[in-house]
Amino acid sequence: MDAESVVAVTGTASTADPQALKLGNDTAPADFDSGDHVNPTTDGYQAISDSFDLASLGPDA
């Protein structure tokens, strides 16, 4: 699971190649940047947890 790709967008100001990623900061519920540019918001953590397929973690049938 690539959790970074769930909450990150390309940092267009980056001069790196490839461009660095940053937390998305759209309006809720896509407001993933808590302001410190490191820790996701509650919506960000929810988006990450929603991206896991919990059924695949269950016991094999």
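Refer to the structure printed above.
Residues numbered from 1 in each chain as written. Predicted model: local features only at pLDDT ≥ 70, side-chain atom pairs only at ≥ 80, totals over all residues. Heavy atoms only, no water.

Asker: Mind showing me how you'd approach the nonpolar core here?
Answerer: Judged by nonpolar contacts, Val-7, Leu-23, Phe-32, Ala-47 and Ile-48 together constitute the single largest core of 5 residues. Excluding its chain neighbours within four sequence positions, the residues that come into contact with Phe-32 are Val-6, Val-7, Leu-23, Gly-24, Asn-39, Pro-40, Thr-41, Asp-43, Gly-44 and Ala-47. (Core = buried A, V, L, I, M, F, W, Y, C linked by side-chain atoms within 4.5 Å. Buried < 20%, exposed > 50% of the residue type's maximum accessible area, 1.4 Å probe, protein only. Contact = heavy atoms within 4.5 Å.)

Asker: Please clarify how helix 2 (residues 42–50) should be interpreted in this entry.
Answerer: Side chains that are three or four residues apart share a direction in an α-helix, a result of its 3.6 residues per turn. Considered for burial, the residues of helix 2 that qualify are Gly-44, Ala-47 and Ile-48. Burial along helix 2 is one-sided: seen end-on, the buried residues are contained in an arc of 100°. Opposite the buried face of helix 2, by more than 90 degrees, sit the exposed residues Thr-42 and Asp-50. Its buried side turned inward, helix 2 meets helix 1 (3–7). (Helix = DSSP H or I, 4+ residues; strand = E, 2+ residues; numbered from the N terminus. Arc of directions from axis to C-beta.)

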